[in-house]
Amino acid sequence: MRNHLVVGGVALAAAALTALTAVPASAAGPVLTYGSLGGSAVAVGDTMTASLLSGTNATLYSTTAGGTGLKCASSSFTGTVSSNPTAPGTASGSLTGFTLGSCTVVNTPGVTGVKSLTLTNLPYSDSMSDAAGLPNTLSAGSSGPIGATVVLNTLLGSVTCTYQAAGSLSSNGNNTNSTLTFSNQQFNKLTGPSACFSTAYFSGTYGPFVDASKAGSPSIFVN
């Protein structure tokens, strides 16, 4: 009887192990999902958009400490998804539009206003990683390095300042509110009079980051 119970127990254990191993492991999800963390995959070709986080400004200051330069109450970007691999990994895209508007001067002697602030040489390449900090990197596209043109009103008339990014533009994602934050991304002056500061540092928080190709424009998450 004892031997029968032992043999029966081994048989049951073996059967249970077979049943467990027969269940396939859950497949890993994609880097980018919409609707929720771990939700539906963002499709290649989908349009991604984001505007400034409500109540915030995008800034272009002359130092990393801020306080002198320009601030813009309106800004948004638009791009398309080029790849969305299985996580962990890096999704890619193309940033086709990046606008800034409603810009004003902050503590800048001799400058009375901002006519325009335009990012140039679009489109930019965009990489979206699920590594620690959810780094997002914009880099030069086929049109050349990331640049910016600022037209200022001064006491002596309007002046044009041109800038080039010191490298790529880096930001970090936040899945809590689907935002991307740029902090003190450096631009160096190429042309322009002394009214144009020699170095400019760009900052801004954008969100929610959404999939505009889906009904209701659901938020995008990085897994």
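None of these values were measured; they are calculated from a predicted model.

> Give me the lowdown on unusual backbone geometry, citing residues and values where you can.
Residue Pro88 is reached from Ala87 by a cis peptide bond, and omega for that bond is 0°. In this fold, Pro88 is placed in the loop between strand S5 (69–83) and strand S6 (90–106). Pro208 follows Gly207 through a cis peptide bond whose omega is 0°. For Pro208, the location among the structural elements is in the loop between strand S14 (199–206) and strand S15 (210–211). With phi around 50°, Asn107 is a residue other than glycine that occupies positive phi space. Structurally, the position occupied by Asn107 is in the loop between S6 and strand S7 (111–120).

> Describe the sheet that holds strand S1 (residues 32–34), listing the residues and the values that go with them.
In any sheet, the strands associate via hydrogen bonds between backbone groups, in a parallel or an antiparallel arrangement. Sheet architecture is open: three strands sit in the order S2-S1-S16, paired in antiparallel fashion. Edge positions in the sheet fall to strand S2 (40–41) and strand S16 (220–222), since each of these pairs with one other strand and no more. Across two bridges, S1 lies against S2 in antiparallel orientation. When the sheet's bridge partners are listed, Tyr34 is paired in S2 with Ser40.

> Provide a residue-level description of the pattern of salt bridges, including the pertinent values.
One pass over the structure, following the stated rule, counts two salt bridges. Here Asp46 and Lys214 are joined by a salt bridge, their closest N and O atoms 2.4 Å apart. With Asp46 in the loop between S2 and strand S3 (47–51) and Lys214 in the loop between S15 and S16, the pair connects residues that are 168 residues apart, well separated along the chain. Take Asp46: its relative accessible area is 8%, and that puts it in the buried class. For Asp211, the salt bridge goes to Lys214, with nearest N and O atoms at 3.8 Å. Since its relative accessible area comes to 0%, Asp211 is described here as buried.

Scoring rules and cut-offs
- Along each chain, the written sequence defines residue order, and numbers are assigned to residues from 1.
- Local features in a predicted model are, by the rule used here, given only for residues with pLDDT of at least 70; side-chain atom pairs are given and counted only at 80 or more, and totals for whole chains, interfaces and linings are based on all residues.
- Side-chain metrics in this entry use all non-hydrogen atoms of the structure; hydrogen atoms and water are not considered.
- Runs of H or I in DSSP of at least four residues are treated as helices and runs of E of at least two as strands, each being numbered from the N terminus.
- The pairing criterion for strands is at least two bridges between them, as found by DSSP.
- What makes a salt bridge here is a side-chain nitrogen of Lys or Arg within 4 Å of a carboxyl oxygen of Asp or Glu, nothing more.
- Three labels apply to residues, based on accessible area from a 1.4 Å probe with only protein chains included: buried if under 20% of the type maximum, exposed if over 50%, partly exposed otherwise in between.

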